[in-house]
Amino acid sequence: MTTTTTAVIDLDLPGATINRHVYGHFAEHLGRCIYGGFWVGEDSPVANVRGIRSDVVEALRAISIPNLRWPGGCFADDYHWRDGIGPRESRPRMVNSHWGDVVEDNAFGTHEFMDLCELLGADPYVSGNVGSGSVAEMSEWVEYLTRGDDSPMAALRRANGREQPWRVPFWGLGNEAWGCGGNLRAEQFASLARQYATYTRNHGGNQLYRIAAGANEADLHWTETLMRSFDDLAADPAGSAGPFQAVSLHYYTMAGSWSDKGDATGFSTDEWYVTMARARRMEDLLTRHSTVMDRYDPHRKVGLVVDEWGTWWNVEKGTNPGFLYQQNTLRDALVASVHLDAFHRHAERVVMANIAQTVNVLQAMILTDPDTGALVLTPTYHVFAMNTGHHDAAALAVHLRDVETRAVDATDLPLISASASVKGDTALVSLSNLDAETDRTLVLDLRGRDVVGHTARVLTATALDAHNTPERLDTVAPTDHAGVRPHTRGLEVDLPAHSYVTVALELR
Ligand code: AHR
């Protein structure tokens, strides 16, 4: 016998704005993300604009991709931007030592990335090299991108064919500096972050939002050390943070260990629950890192940027282990919805997040066939599509009553995850039924405003590891959901086992 869960929502009590940038993405020079994923070159039989795949651009525009982080990841701290400008045929080559030990020909560089962002209508988030670069190199990259006059770097950009400076809002100071980005100690990196931030300058009207490479998972010491390195954040409530403006956090979800992460398909029901419990850990991480940040930054001037998150499975059999190519199933979709709920709940501190990675790598939005070029939208893509109504909307608290839990790995996993937001006369409620086996009914107790209409969508499938392929593109795709009925308290919603449901409300 299952209980009926109630979700109480005060529609007239909007909270912090959910920054659309928590729906951000990440594209690294890794496997087939850039090459074959975004970039096919002008001569490809795959339809492209100046070498960039048109179908990929169209699919990402359809989910209003707000920003794209590039060129890494670990690759960023090996990347020297001058190798990726000028005539393509004369660009130097390098070894991509992190990802497959393959030779990178630098065909996709700064101009190609900025062109991609313009085609996508997305803000660029450039991840600068602290690990093996120099302060001068990073400073000049910013000048090259954003300066308008006849400075040396602006002149070089013009010589390479771009007259106007670009707008670059987001700048990363290193990546995983505790690991692949230099194996630094927190104290050492905090000093470097201040130094690099100083020399990444605002040119003309371009204002950089500088993000210092942050903690791995529950490394609170790293966050605390970065927070301590700020000048007095408590002093002026109206002032902005400096010399950098945000710190990052990385967390990946897997069912096993780093050496055997579990397979993307063919997993057991137990692995499903372990995965959901691990995905829920993001909530706990955000709470703990925010608590540390609150202590130093009571006015919340410093942003928390989760610039790498998502599932990480064993690579698909027969693929290059260094390319991190994995299938994407209904389970990945629910991992995404659980994370996005957590970001909505922490909207006052989490200003950006970037799922890893957009095409053909880890928890991708899009998979492309290496032989035919066919494009597949993954179940995770559909969660992002169903959630566009949350972009820049005000978060609403969702109070859940009578949620069943399941004991998983010494924790109690709540079997429902939910979040909501309001924008003008519309509200969007997101509901995940994490129960692998049981259908549930949930009552939406809607208070504070009149609900004059609703529509609902559902994403589910028969198998837990259902996924889309070039032959069957819509095995997991959202459909209209008829299982929503009026209830004395608001609405009653059917939540099929292992499903994701969104209910859009029309308000008065
Ligand atoms: O996303 C894959 C890798 O995971 C990134 O390059 C690195 O930052 C992280 O360890």
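Coordinates for the structure precede this section.
Residues numbered from 1 in each chain as written. Predicted model: local features only at pLDDT ≥ 70, side-chain atom pairs only at ≥ 80, totals over all residues. Heavy atoms only, no water.

Peer 1: Before we go on, may I ask you to explain the overall build of the chain in this structure?
Peer 2: For the chain, the helix and strand inventory stands at nine helices and 27 strands. Relative to the 2.2 N^0.38 estimate, which gives 23 Å for 508 residues, the radius of gyration of the chain is 23 Å and therefore close to what a compact globule would have. Seen through its principal axes, the chain has C-alpha atoms that stretch 70 × 60 × 45 Å. The buried share among the 508 residues of the chain stands at 58%. In the chain, the proportion of contacts linking residues at least 24 apart, taken out of those at least 6 apart, comes to 76%. Here the chain carries 43 positive and 66 negative side-chain charges, and the mean point of each set is 4 Å from the other. (Helix = DSSP H or I, 4+ residues; strand = E, 2+ residues; numbered from the N terminus. Rg over C-alpha atoms; globule rule 2.2 N^0.38 Å. Buried < 20%, exposed > 50% of the residue type's maximum accessible area, 1.4 Å probe, protein only. Contact = heavy atoms within 4.5 Å. Lys, Arg positive; Asp, Glu negative; His and termini not counted. Charge placed at Lys NZ, Arg CZ, Asp CG, Glu CD.)

Peer 1: What is the right way to look at the sheet that holds strand E21 (residues 426-433) in this model?
Peer 2: Adjacent strands of a sheet pair through backbone hydrogen bonds, lying either parallel or antiparallel. Strand order in this open sheet of six strands is E16-E20-E21-E27-E23-E24, and the pairing throughout is antiparallel. In this open sheet, the two edge strands, each paired with only one partner strand, are strand E16 (394-396) and strand E24 (479-480). The strands touched by helix H8 (residues 330-345) within the sheet are E16, strand E20 (416-423), E21, strand E23 (451-459) and strand E27 (499-507), with E20 carrying the most contacts at an inclination of about 55 degrees. In the packing of helix H9 (residues 379-386) onto the sheet, contacts are made with E21, E23 and E27, and the angle to E23 comes to roughly 170 degrees. (Pairing = 2+ DSSP bridges. Axes fitted to C-alpha atoms, helices over the stretch in contact; angles between N-to-C directions.)

Peer 1: Teacher, can you tell me more about the pattern of salt bridges here?
Peer 2: Two side chains with opposite charge may pair up if their charged atoms get near one another. Scanning the model with the defined rule gives 30 salt bridges in all. Between Asp-149 and Arg-147 there is a salt bridge, with the nearest N and O atoms lying 2.7 Å from each other. Arg-288 is the salt-bridge partner of Asp-284, the closest N and O atoms lying 3.6 Å from each other. In this pair, Asp-284 and Arg-288 are both assigned in helix H7 (residues 269-296), four residues apart and thus about one turn of the helix distant. Overall, the relative accessible area of 36% leaves Asp-284 in the partly exposed class. Since its relative accessible area comes to 34%, Arg-288 is described here as partly exposed. Salt bridges sharing common partners tie together Glu-42, Arg-88, Arg-91 and Glu-112. (Salt bridge = Lys/Arg side-chain N within 4 Å of Asp/Glu carboxyl O.)

Peer 1: Just checking my understanding: could you explain H9 for this structure?
Peer 2: Owing to its 3.6 residues per turn, the α-helix brings residues three or four apart onto one side. A large share of H9 lies buried, amounting to seven of its eight residues. Inspection of H9 places Pro-379, Thr-380, Tyr-381, His-382, Val-383, Phe-384 and Met-386 among the buried residues, and these make up the whole buried set.

Peer 1: How should I be thinking about the nonpolar core in this particular structure?
Peer 2: Where a protein is soluble and globular, its nonpolar side chains tend to be buried together. Counting 123 residues, the largest nonpolar core has Phe-38, Trp-171, Phe-189, Trp-309 and Phe-343 as its most contacted members. The leading source of residues in this core is H7, at 10 residues. Apart from residues no more than four positions distant in its own chain, Trp-171 is found in contact with Tyr-125, Val-126, Gly-128, Met-138, Trp-141, Val-142, Leu-145, Thr-200, Leu-208, Tyr-209, Arg-210 and Ile-211. The next biggest cluster of nonpolar side chains, apart from the first, holds 25 residues, and it includes Ala-418, Leu-431, Leu-444 and Leu-446. (Core = buried A, V, L, I, M, F, W, Y, C linked by side-chain atoms within 4.5 Å.)

Peer 1: I'm lost on the sheet that holds strand E10 (residues 209-216) in this one. Help?
Peer 2: An order of E2-E5-E8-E9-E10-E11-E12-E13 is seen for the eight strands of this closed barrel, with the pairing classed as parallel. On average, each strand axis in the sheet is tilted by 30 degrees relative to the strand beside it, whichever way the strands run. Along the sheet face, helix H2 (residues 110-120) touches strand E5 (67-70) and strand E8 (123-128) and points at about 165 degrees away from the line of E5. Each of E10, strand E11 (246-253), strand E12 (303-311) and strand E13 (350-356) touches H7; the most contacted strand, E11, lies at about 160 degrees to it.

Peer 1: Is there a simple way to think about the packing of aromatic side chains in this case?
Peer 2: Two numbers describe a pair of aromatic rings. These are the distance of the centres and the angle of the planes. The full count for this structure, using the stated rule, is 19 aromatic pairs. With centroids separated by 6.1 Å and ring planes inclined at 75 degrees, the aromatic side chains of Trp-70 and Phe-108 adopt a geometry described as edge-to-face. Linking Trp-70 in strand E5 with Phe-108 in the loop between strand E7 (102-104) and H2, this pair joins segments that are 38 residues apart in sequence. Residue classification places Trp-70 among the buried residues on the basis of a relative accessible area of 1%. When the centroid spacing of 6.1 Å and the interplanar angle of 90 degrees are considered together, the rings of Phe-170 and Tyr-209 count as edge-to-face. Here Phe-170, found in strand E9 (residues 170-173), pairs with Tyr-209, found in strand E10; they are 39 residues apart in sequence, far enough to count as distant. Note on Phe-170: relative accessible area 10%, which makes it buried. Taking NZ or CZ as reference, Arg-69 lies 4.6 Å from the ring centre of Phe-26, over its face. (Phe/Tyr/Trp six-rings, centres within 6.5 Å; stacked < 30°, edge-to-face > 60°. Lys NZ or Arg CZ within 6 Å of the ring centre and 35° of its normal.)

Peer 1: What exactly am I supposed to notice about the state of the cysteines here?
Peer 2: The bond known as a disulfide is covalent and runs between the sulfur atoms of two cysteines. With the rule as written, the count across this model stands at one disulfide. Here Cys-117 stays unpaired: no disulfide links it, and the sulfur of Cys-33, its closest cysteine neighbor, is 12 Å away. (Disulfide = S-S within 2.5 Å.)

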